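# Structural overview for review
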Amino acid sequence: MCSVCGTSKSESEVMDDSSAANHPHRRTHLSITPTEQARLLDLSNDAIIVRDVNNRIIYWNHGATEIYGWTRDEAIGQDLHHLLHTEFEIPLEQLIIRLHQHDRMEGEVVQVTRDGRRRTLWSRWALDRDADGRPGAILTTYNDITARKQLEAERERLYEAERAARTEAEAALKIREQFLSIASHELRTPLTALIGFVHLLSTAGQNPDRVSSLTVRITQQTQRLNTLINQMLDVSRLQHGQFVLERQMIDLSGVVVEVVEAFRAMQELNPHHPLEVHTADASVLVLGDPHRLEQVLHNLLSNAVKYSPAGGVVRVRVGQTATDAIVEVADQGIGISLEAQARLFEPFYRAQNVGQISSGFGLGLHIVGEIVQRHGGRMEVESTEGQGSTFRVLLPRHTNAS
Ligand code: ADP
């Protein structure tokens, strides 16, 4: 039996030298005919293609037909890279120069099959030269590595997803740890003050000024405790996907006026921060959660006052553009460095220049940023250290067309 073509020979033929010599696949003289060579090359799973100096295909094996779908007859005479839409990592002209320098080369290419599928292939090029060393045909084998590349890409994607999940879990853990250490400290401070003031109140007797001043302080500390606890609850809701907006059509000017009134009442005893309000002439409509937008404004106003220890006017302005409803809160306080501005909306972030001014969690702006973002809006900050800050809330404006 011939190992190449499977033809069986009779015993007498095997014994007969002339019969063996006539068989097309005889192995006795360790040489094979061009037809045999072509047939052997057709056994390869790889595409084996030879092209002339003008890139015209002059040889195309069966493996090439298997990979690309073009038959030998269709492929012969065609421009190889035109037929297969070959995409190289570097331009073809440079590849040819390299090939002429080294005679051999390999690399990854992307090609398109007859039915439009993109395949990734590992190609090996060998340059044939004539007796005078002039470059002639190029033999290239293409090994289809599409499945392997897809597997690698999928593995990489899974690895990335796992890494992202791990980073997220680590960040959540870090936030929780910060949360616990800051919370215990920040909650204890107003609580200790409260205990002290209540004790003083019990000994204040009939002195009305003393009673009134202590009552104000007790109210302030209670409010501070209330704010801290609410911020903790909000962050927990945000983290657990339980932060729900209840939206309705509202006039932003109305919300601003109400919050400013309430804030003024609270600030009655604070003459250092006059509040100026400029609302728009026309109504500024947004589809928003009034309670949460009040919270945003209240937070920005509290910060404007808190971070202006030397006093100064706090200006609130409501306006609109063709697309945005805008609320702006500007103060003349300590301002924020550029470096700090980039991190203001991170949870627990507090700029260095706050020093001992006032305590806080560093959560207020994080919550503000989340609320605004969940309304489809964005925040802008302009500030110069030592001169003041402007916080701008931009929300998608509701027009009759929207
Ligand atoms: P908190 O006031 O509890 O620290 P916030 O999240 O409200 O937390 O603010 C984060 C930080 O941003 C503050 O600690 C402060 O450094 C800075 N900041 C916020 N508002 C102002 C402002 N109006 N002027 C100067 N700095 C501000």
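Only a predicted model underlies this, so the values are computations on that prediction, with no experimental measurement involved. (Residues numbered from 1 in each chain as written. Predicted model: local features only at pLDDT ≥ 70, side-chain atom pairs only at ≥ 80, totals over all residues. Heavy atoms only, no water.)

## Considering the site of the ligand
Formally: Here a residue is considered near a molecule or strand provided that any single heavy atom belonging to it is located within 4 Å of it. Here a polar contact means two N or O atoms within 3.5 Å. Within protein one must be a hydrogen donor candidate and the other an acceptor candidate, and residues neighboring in sequence count only if both atoms are side-chain atoms. All accessible-area figures derive from a Shrake-Rupley calculation using a 1.4 Å probe, and residue coverage is judged against the displayed protein chains alone. The secondary structure listing takes helices from DSSP runs of H or I that are at least 4 residues long and strands from runs of E that are at least 2 residues long, numbered from the N terminus.
Around the ligand, the surrounding shell holds 22 residues, and the nearest of these are Asn 303, Tyr 307, Asp 331, Arg 350 and Leu 365. A distance of 2.9 Å separates an oxygen atom of the ligand from a polar atom in the side chain of Lys 306. A distance of 3.2 Å separates an oxygen atom of the ligand from a polar atom in the backbone of Gly 364. A total of 530 Å² of accessible area belongs to the ligand in isolation, and the protein chains cover 99% of it. Those elements giving two or more residues to the shell around the ligand turn out to be α11 (290-306), α13 (364-374) and β12 (388-396). Among the elements that take part in the shell around the ligand, α11 stands out by supplying four residues, more than any other.

## Details of the sheet that holds strand β2 (residues 57-60)
Our working rule: Think of it this way: DSSP has to see at least two bridges between two strands before they count as a pair. Here an axis means a line fitted to C-alpha atoms, over the contact stretch when the element is a helix, while the angle between two N-to-C directions is reported on a 0 to 180 degree scale. Any pair of residues with heavy atoms lying within 4.5 Å of one another is described as a contacting pair.
Judged by pairing direction, the sheet is antiparallel, and its five strands sit side by side in the order β2-β1-β5-β4-β3 without closing on themselves. Only two strands of the sheet have a single neighbouring strand rather than two, namely β2 and β3 (104-112). Strand-to-strand twist in this sheet, taken as the mean axis angle between neighbours without regard to direction, amounts to 25 degrees. In this sheet, strand β5 (residues 135-144) lies alongside strand β4 (residues 118-129) in antiparallel orientation, the contact comprising eight bridges. Bridge pairing links Leu 127 to Ile 138 in β5. Relative to the sheet, helix α8 (residues 146-202) contacts β3, β4 and β5, its axis offset from that of β4 by approximately 130 degrees.

## What to know about a nonpolar patch on the surface
Just so we agree on the cut-off: Each patch is built from residues lacking any salt bridge and having more than 30% relative accessible area; the joining distance is 9 Å for like charges and 5 Å for nonpolar side chains (Val, Leu, Ile, Met, Phe, Trp, Tyr). Should a side-chain nitrogen of Lys or Arg be within 4 Å of a carboxyl oxygen of Asp or Glu, the pair is scored as a salt bridge. Accessible area is worked out with a 1.4 Å probe on protein chains only. A residue is then buried under 20% of its type maximum, exposed over 50%, and partly exposed in between.
On the surface, Ile 32, Leu 40 and Leu 43 cluster together into a nonpolar patch covering about 260 Å² of accessible area. Residue Leu 43 is classed as exposed on the basis of its relative accessible area of 64%.

## A short note on the nonpolar core
Our working definition: The set of buried Ala, Val, Leu, Ile, Met, Phe, Trp, Tyr and Cys residues whose side-chain atoms join them within 4.5 Å is what this entry labels a nonpolar core.
Core analysis: the biggest nonpolar cluster contains 50 residues, and Leu 252, Leu 297, Leu 300, Leu 301, Val 316, Phe 391 and Val 393 have the highest contact counts within it. If one sorts the elements of this core by residue count, α11 sits on top with seven residues. Once you skip the residues sitting within four places of it in the chain, Leu 252 turns out to touch Val 284, Val 286, Leu 293, Val 318, Ala 325, Val 327 and Leu 395. Formed by 14 residues, the second largest nonpolar core is a distinct cluster that contains Ala 64, Ala 75, Leu 80 and Leu 121.

## Side note on the pairing of strand β8 (residues 285-288)
Burial along β8 is one-sided: the residues Val 286 and Gly 288 are buried and none of Leu 285 and Leu 287 is. In this sheet, β8 lies alongside strand β6 (residues 248-251) in antiparallel orientation, the contact comprising four bridges. Among the inter-strand pairings, Met 249 is bridged to a residue of β8, identified as Leu 287.

## What to know about α8
Cut-off, in case you're wondering: A helix is expected to span 1.5 Å multiplied by its residue count minus one.
Its 57 residues give α8 an end-to-end C-alpha distance of 82 Å, which sits within 8% of 84 Å, the value for a rise of 1.5 Å per residue. Listed in full, the buried residues belonging to α8 are Thr 146, Ile 175, Phe 179, Ala 183, Glu 186, Pro 190, Leu 194 and Phe 197. At its buried positions, α8 is contacted by β4, β5 and α9 (208-239).

## Looking at the sheet that holds strand β11 (residues 378-384)
Spatially, β7-β9-β10-β12-β11 is the arrangement adopted by the five strands of the open sheet, whose pairing is mixed. Taken across any chain shown, the strands that pair with only one partner, and hence form the sheet edges, are β7 (275-278) and β11. Each neighbouring strand pair of the sheet contributes to a mean axis angle of 15 degrees, computed without reference to strand direction. Across seven bridges, the pairing between β11 and β12 is antiparallel.

## Concerning the packing of α9 against α13
Using the following cut-off: For classification purposes, angles smaller than 35 degrees are called roughly parallel, those larger than 145 roughly antiparallel, those between 65 and 115 roughly perpendicular, and all remaining angles oblique. Crossing handedness: left-handed means the near helix sits turned counterclockwise from the far one by under a right angle, and right-handed means the same turn made clockwise. Side-chain classes follow a simple rule in which Ala, Val, Leu, Ile, Met, Phe, Trp, Tyr, Cys and Pro form the nonpolar group, Asp, Glu, Lys and Arg form the charged group, and the remainder, Gly included, forms the polar group.
One way to put it is that α9 packs onto α13 with a least axis distance of 10 Å and a crossing angle of 45 degrees. As far as their axial angle goes, α13 and α9 are oblique. The handedness of the crossing between α9 and α13 is left-handed. Contact residues: Gln 231, Asp 234, Val 235 and Leu 238 in α9; Gly 364, His 366, Ile 367, Glu 370 and Arg 374 in α13. Split into classes, the residues belonging to the contact of α9 with α13 amount to three nonpolar, three polar and three charged.

## Some thoughts on the pattern of salt bridges
Scanning all chains against the criterion turns up 26 salt bridges. As a salt-bridge pair, Arg 114 and Glu 74 come within 3.0 Å of each other at their nearest N and O atoms. Highlighted residues: Arg 114 in the loop between β3 and β4 and Glu 74 in helix α5 (residues 72-75), separated in sequence by 40 residues. In this structure Arg 114 comes out as partly exposed when scored by relative accessible area, which is 42%. Here Arg 117 makes a salt bridge to Asp 115, at a shortest N to O gap of 3.1 Å. Given the relative accessible area of 38%, Arg 117 is considered partly exposed. Here the residues in one salt-bridge network are Arg 317, Asp 324, Glu 328, Arg 378, Glu 380, Glu 382 and Arg 392, joined through shared partners.

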